[in-house]
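Coordinate analysis (summary)
Here's the letter readout for the chains.
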Amino acid sequence: MALELKSSDNKIFEVEELVAVQSETIKSLVEDGCADNVIPLPNVDSKTLELVLDWCKNHVDMKLDEEKLKEYEDKFIEVDQAVLYDLLLAANYLNIKDLLNRACQKVADMLKGKTPEQIRETLNIVNDFSPEEEEEIRKENLWAFEE
Amino acid sequence: MEDMLTKKKKMEDTVFAKLSDDVVLNIFFKLEDDPRNWARVACVSTKFSSLIRNVCWRNKCTTTIPSVVSDLLSSATADSPPGGWAALHKLAVCCPGLLHSGVLLENSDFGLERELGPDETFRNSLTLTLNNNNTDTNNTPQTHEASSSSNSCSWSLYDDLYFDTVYDVAGSTEGTMNPVEVLENSNSVGVGVGVVKDGIEYSKRSHLASGVWNLSREEGSKLLARQFRDDCLYICDWPGCAHNIEDKRNYMLFRGIFKNFKRSRVWRTINDGNRSRVDLNCAFCECKQTWDLHSAFCLRRYFGFHDDGEPVVRAYVCENGHVSGAWTDWPLYT
């Protein structure tokens with residue numbers, strides 16, 4: 001049984017139901033009987049969707065081979081930051097738990113041992129503390145800085 | 001210099017701004033094993049700080065020290081313990097360091113000046129020393145020679161720290177104080193409290209504690225004098241984080257928290273007795289002053305003293321009920 005998914009840039013992907021329902025979002029659509037036509041996914045572009053579907057397919061195929069699956073996952077997640085974030089957003093939107101977890105873990109690994117400035121740079125976050133607030137919070141957490 | 005509007009726009013463009021809180025928390029919880037990660041993340045932005053405090057630290061406290069949390073919340077008017085989740089978490093995982101346990105406050109009279117009145121000759125000689133060295137701001141490497149316990153010597157470990165660190169207002173951390181103010185205030189500890197900065201050795205200010213992070217009531221009850229047995233004090237696992245100062249004793253540092261501090265007998269004693277506070281700020285919250293439990297006779301008497309007058313156990317409590325303290329080895333001959 002095949003489903004049709006449409007990315008934000010209007011590309012159609014034909015996918016086996018078994019693969020597509022790795023996404024809880026799609027799964028509920030199928031269960032509610034709303035998956036007869038093309039399913040639009042306005043929050044996911046074709047590049048990302050292709051990757052996501054590859055993840056889902058491999059998780060069906062390698063379900064019984066844990067070692068092979070882990071090897072695949074590790075390789076899969078070695079992507080640059082922009083792609084990683086797209087995967088994160090897509091996994092969240094499509095509710096694919098294992099992909100979301102793996103992507104979060106990758107981001108967490110990127111943050112380990114970094115100073116707040118480095119974290120801001122990595123995640124592209126603006127420092128919105130006032131100078132007084134910043135000093136206060138630094139003082140409070142000074143124990144986490146030097147060895 | 002960007003204005004807040006530009007900053008806000010930039011934030012909206014970032015991926016992280018688009019992520020829901022539960023995804024961000026999913027990432028944060030993967031950093032749980034090392035407490036320093038969360039502390040650093042909390043310094044990144046106001047949103048991260050809020051998530052770390054109200055979710056991560058709260059969760060961590062509730063799962064690792066559930067009985068302490070439920071005790072603290074049952075009496076709190078707000079839904080967080082006194083000093084907040086950040087303070088409680090820090091108390092659970094951080095050793096207060098020699099500074100906040102009051103070890104570095106030691107001087108030749110161990111708080112007797114507060115009890116008996118100031119020793120004029122001592123104070124005058126100290127003022128003289130400080131004035132002479134006022135212009136010395138060189139950050140020389142720290143050397144800790146043994147401090148003489150002789151009363152005529154106005155030099156102590158504390159002076160060493162003061163002169164060897166650079167005083168920097170902008171970057172100053174715990175324990176900042178103007179030594180001149182201390183001398184003016186006859187109620188405070190005799191020796192000038194040195195100003196401390198990042199240059200101060202790591203172990204002297206609060207840092208990640210070694211060992212298991214647990215707080216128990218049993219240990220706390222062993223510490224307090226008999227008349228306070230109804231007060232509930234949670235203390236970290238004994239012996240606490242061990243430190244030693246060259247040529248001096250070993251100090252085992254501990255920390256703890258009172259349940260319902262403002263309703264405790266200890267509080268009544270120090271508050272009603274109008275005990276003066278020490279200009280030693282709390283290691284865990286914003287309280288700038290603390291009370292000396294040893295000189296307020298709240299600690300068990302049998303701990304006793306060493307030959308040079310140093311108490312075997314000392315502890316300091318802040319208005320939120322956070323306790324920092326140190327105990328030394330027993331003297332060889334009691």
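First, a word on scope: everything that follows refers to the structure included in this document. (Residues numbered from 1 in each chain as written. Chains lettered and ligands numbered in written order. Predicted model: local features only at pLDDT ≥ 70, side-chain atom pairs only at ≥ 80, totals over all residues. Heavy atoms only, no water.)

Examining the overall build of chain B
Counting its secondary structure elements, chain B contains 14 helices and 9 strands. A total of 334 residues make up chain B; the buried ones form 52% of that total. In chain B, once contacts between residues fewer than 6 apart in sequence are set aside, the share between residues at least 24 apart is 66%. Total accessible area computed for chain B in this model is approximately 15,200 Å², and 49% of it derives from carbon and sulfur atoms. (Helix = DSSP H or I, 4+ residues; strand = E, 2+ residues; numbered from the N terminus. Buried < 20%, exposed > 50% of the residue type's maximum accessible area, 1.4 Å probe, protein only. Contact = heavy atoms within 4.5 Å. Areas by Shrake-Rupley, 256 points an atom, 1.4 Å probe, with all protein chains shown as cover.)

Things to note about the sheet that holds strand 3 (residues 39–40) of chain A
Residues and elements named next belong to chain A. Read across the sheet, 3 strands follow the order 2-1-3 without closing on themselves; strand pairing throughout is mixed. Whereas interior strands pair on both sides, the edge strands pair on one side only; in this sheet they are strand 2 (12–16) and strand 3. Across 2 bridges, strand 1 (residues 2–6) lies against strand 3 in parallel orientation. Of the residues in strand 3, the one forming a bridge with lysine 6 is proline 40. Strand contacts of helix 3 (residues 46–61): strand 1 and strand 2, with the helix running at about 10° to strand 2, the strand carrying the most contacts. (Pairing = 2+ DSSP bridges. Axes fitted to C-alpha atoms, helices over the stretch in contact; angles between N-to-C directions.)

Comments concerning the pairing of strand 8 (residues 313–317) of chain B
Residue and element names in this part refer to chain B. Along strand 8, 5 of the 5 residues are buried, which leaves the element largely enclosed by surrounding structure. Of the two faces of strand 8, the one carrying Val313, Ala315 and Val317 and the one carrying Arg314 and Tyr316 are both buried. Sheet analysis places strand 7 (residues 291–292) next to strand 8, joined by 2 bridges and oriented antiparallel. Looking at the pairing, tryptophan 291 lines up with valine 317 of strand 8. Here 5 bridges tie strand 8 to strand 9 (residues 322–328), and the two strands are oriented antiparallel to one another. From the neighbouring strand, tyrosine 316 faces strand 9, where its bridge partner is serine 324.

Points about the interface of chain A and chain B
Contacts between chain A and chain B engage 38 residues on the former and 44 residues on the latter. Per-residue buried area on chain A facing chain B is highest for A:Val126, A:Asp128 and A:Trp143; these three make up 19% of the total on that side. The interface formed by chain A and chain B includes 1 salt bridge. For B:Arg53, the salt bridge goes to A:Glu140, with nearest N and O atoms at 3.1 Å. Taken together, the elements giving at least two residues each to the side of chain A that touches chain B come down to helix 5 (81–94), helix 6 (97–111), helix 7 (116–123) and helix 8 (131–140) of chain A. Among the elements that line the side of chain A that touches chain B, the one with the most residues is helix 6 of chain A, at 7 residues. For the side of chain A that touches chain B, the residue count by class is 19 nonpolar, 8 polar and 11 charged. (Buried area = accessible area lost by both parts, 1.4 Å probe. Salt bridge = Lys/Arg side-chain N within 4 Å of Asp/Glu carboxyl O. Nonpolar A, V, L, I, M, F, W, Y, C, P; charged D, E, K, R; others polar.)

Considerations on the environment of B:Lys30
Inspection of the secondary structure puts B:Lys30 in the loop between helix 3 (21–29) and helix 4 (35–42). Among residues more than four places away in sequence, those in contact with B:Lys30 are A:Asn101, A:Cys104, A:Gln105, A:Ala108 and A:Lys112. At 2.8 Å, the side chain of B:Lys30 forms a polar contact with the side chain of A:Asn101. (Polar contact = N/O pair within 3.5 Å; in protein donor to acceptor, adjacent residues only side chain to side chain.)

Some thoughts on the state of the cysteines
All names here are of chain B. For the structure on display, the rule yields 0 disulfides over all chains. Cysteine cysteine 287 remains unbridged, with the sulfur of cysteine 285 as its closest cysteine sulfur at 3.5 Å. By relative accessible area, cysteine 287 is classed as buried at 15%. (Disulfide = S-S within 2.5 Å.)

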